[in-house]
Amino acid sequence: MASQPETEHPKKAFGWAARDKSGVLSPFKFSRRETGEKDVAFKVLYCGICHSDLHMVKNEWGNSTYPIVPGHEVAGEVTEVGSKVKNFKVGDRVGVGCMVGSCHSCQSCADNLENYCSKMILTYSAKNVDGSITYGGYSDTMVSDEQFVIRIPDAMPLEAAAPLLCAGITVFSPLKYFGLDKPGLHLGVVGLGGLGHMAVKFAKAFGANVTVISTSPNKKKEAIEHLKADSFVVSREQDQMQAVMGTFDGIIDTVSAMHPLIPLLGLLKNHGKFVMVGAPEKPLELPAFSLIGGRKIIGGSMIGGIKETQEMIDFAAKHDVKPDIEIIPIDYVNTAMERLLKSDVKYRFVIDIGKTLKASS
């Protein structure tokens, strides 16, 4: 998609942006809108790197608008509030996740499911209500409608809070919606990356018996000893898969690469639920008989609404659910993207914006 001119805004801002589909990021000066009467402005202190950022800077989904300032796992401290803002004040610890706007009038918005609003405005590389293009959290400041700002509990470190605003809510929401948040259930988590490790942590916090299902045998020690999963199954080993056939109440599939569904569906009990949160680029094969024989359900889920995101981060603070992160300076971001492509991170990069953005400029 062609670059679009930026609407004139008075607040100077600084960040890192990709200018073309090479995906290489470099310093970028731009501007934020003035703080409106219902807006919250905050200085960005930390921003997580999501796999979506990698897809977007390279335009792999075909909807990128350059220049792109990525970042939708943003945490910081309030510097200014509009005259009609009710819930935040200067100095508050806040965050912004994957969206900064919606229509406020559809059924999804009325149900606190802004994430499914057809006019939902993404945090970056999307058209805002004033026609400007949104810029994300690889930057020194953010301005957002207060309805899309999350309060971060004092017990949750800002650097840990950032990835929860995408990876955390992406797995928390389906666990809640599909009734997989009950103690004693046997849950499977397919894939052990940024999403998978959070699915394990939330499922354990809900009291589930958790099995990690992976193609990589070398992840077993990490899954059981560090993440406290109850068991580990190598999906390429027929005997291991056969041993757990028909034993799962639910499975959260976090894998975005092409992979066969039929063996995984066979692991479900009758009436079991299989939920996809990963997004493979090509269609996956799904024979009807793998669902019919046992009244099994396959579903999907995408992040969560603002109310549920606040519930998620409050729950995480109360139960000490935190992502495993590697904190990096902003000028390491291109190397981090290369490592992310190779899955060489445990399990989320977080950019220390507050301490390194100005230094690297």
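These numbers come from a predicted model, not from an experiment.

(A) Representation of the pattern of salt bridges within the structure. Evaluation of the coordinates by the stated rule reveals 16 salt bridges. A salt bridge links E311 to K176; its shortest N-O distance comes to 3.4 Å. Linking E311 in helix α9 (residues 306–318) with K176 in helix α3 (residues 158–177), this pair joins segments that are 135 residues apart in sequence. For E311, a relative accessible area of 37% gives the class partly exposed. Across the pair K269 and D249 runs a salt bridge, and its minimum N-O distance is 3.2 Å. Of the two residues, K269 is situated in strand β14 (residues 268–276) and D249 in strand β13 (residues 248–253); the sequence distance between them amounts to 20 residues.

(B) Highlighting the pairing of strand β16 (residues 325–328). Two elements, β16 and strand β17 (residues 348–352), share 4 bridges in a ladder whose sense is parallel. What sits directly across from I327, in β17, is V350. Regarding topology, helix α10 (residues 333–341) serves as the crossover connection from β16 to the parallel β17, and that connection is right-handed.

(C) Spotlight on the packing of α3 against α9. Close contact between α3 and α9 brings their axes to 9 Å; oriented N to C, the two are set at 105 degrees. By the criterion of interaxial angle, the relationship of α3 to α9 is roughly perpendicular. Here A161, L164, L165, G168, I169, F172, S173 and K176 of α3 come into contact with α9, specifically with E308, T309, E311, M312, I313, F315 and A316.

(D) Quick look at the sheet that holds strand β12 (residues 231–234). Pairing in this open sheet of 6 strands is parallel, and the strands run β12-β11-β10-β13-β14-β15 from one edge to the other. Two strands lie at the open edges of the sheet, namely β12 and β15 (297–300), each paired on one side alone. Here the average twist between neighbouring strands, direction ignored, is 20 degrees. Across 4 bridges, the pairing between strand β10 (residues 186–190) and β13 is parallel. Of the residues in β13, the one forming a bridge with V189 is I252.

(E) Inspection of the side chain of D181 at higher detail. Along the chain, the position of D181 falls in the loop between α3 and β10. Using a relative accessible area of 14% as the deciding quantity, one classes D181 as buried. Of the polar contacts made by the side chain of D181, one reaches the side chain of K176; its length is 3.5 Å. When sequence neighbours within four positions are dropped, the list of residues in contact with D181 reads L175, K176 and F206.

(F) Focus on the confidence of the model for the chain. Mean pLDDT over the chain: 94, with 96% of residues reaching 70 or higher. Low pLDDT (under 50) marks residues 1–9, which in the prediction has 24 contacts with non-local residues, meaning those over four places away or in another chain.

(G) The nonpolar core, seen in detail. The biggest cluster of nonpolar side chains holds 58 residues, and the ones touching the most others in it are M156, L164, V200, F202 and I313. Counting only elements with at least two residues in this core, the list comes to α3, β10, α4 (194–205), β11 (209–214), β12 and α9. Look past the residues within four positions of F202 in its chain and what remains in contact with it is L164, G168, V171, F172, L175, M312, F315, A316 and V321.

(H) Looking closely at the environment of R93. Topologically, R93 is positioned in strand β5 (residues 93–96). In this structure the C-alpha to C-alpha distance between R93 and V149, which are 56 residues apart in sequence, comes to 10 Å. With sequence-adjacent residues up to four places away left out, R93 is seen in contact with G76, I150, R151, I152, P153, D154, M156, P157 and L158. Here M156 takes part through its backbone oxygen, which lies 2.7 Å from a polar atom of the side chain of R93.

(I) How the structure looks around the packing of α3 against α4. Where α3 meets α4, the closest approach of the two axes is 9 Å, and the angle between their N-to-C directions is 55 degrees. Here α4 runs oblique to α3, going by the angle between their axes. Along this stretch, α3 crosses α4, giving a crossing that reads as right-handed. Counted together, L164, A167, G168, T170, V171, F172 and L175 of α3 and G194, L195, M198, A199, F202 and A203 of α4 form the full contact between these two elements. Residues belonging to the contact of α3 with α4 are distributed by class as follows: 10 nonpolar, 3 polar and no charged.

(J) Seen up close, the environment of V171. When you line up the elements, V171 lands in helix α3. Put simply, V171 and G304 are 133 residues apart on the chain and 9.1 Å apart in space, counted from C-alpha to C-alpha. Apart from residues no more than four positions distant in its own chain, V171 is found in contact with L195, M198, A199 and F202.

Criteria and thresholds
- Residues numbered from 1 in each chain as written.
- Predicted model: local features only at pLDDT ≥ 70, side-chain atom pairs only at ≥ 80, totals over all residues.
- Heavy atoms only, no water.
- Salt bridge = Lys/Arg side-chain N within 4 Å of Asp/Glu carboxyl O.
- Helix = DSSP H or I, 4+ residues; strand = E, 2+ residues; numbered from the N terminus.
- Buried < 20%, exposed > 50% of the residue type's maximum accessible area, 1.4 Å probe, protein only.
- Pairing = 2+ DSSP bridges.
- Right-handed = clockwise from strand over helix to strand, strands pointing away.
- Axes fitted to C-alpha atoms, helices over the stretch in contact; angles between N-to-C directions.
- Parallel < 35°, antiparallel > 145°, perpendicular 65-115°, else oblique.
- Contact = heavy atoms within 4.5 Å.
- Polar contact = N/O pair within 3.5 Å; in protein donor to acceptor, adjacent residues only side chain to side chain.
- pLDDT = per-residue confidence, 0-100.
- Core = buried A, V, L, I, M, F, W, Y, C linked by side-chain atoms within 4.5 Å.
- Left-handed = near helix turned anticlockwise from the far one by under 90°.
- Nonpolar A, V, L, I, M, F, W, Y, C, P; charged D, E, K, R; others polar.

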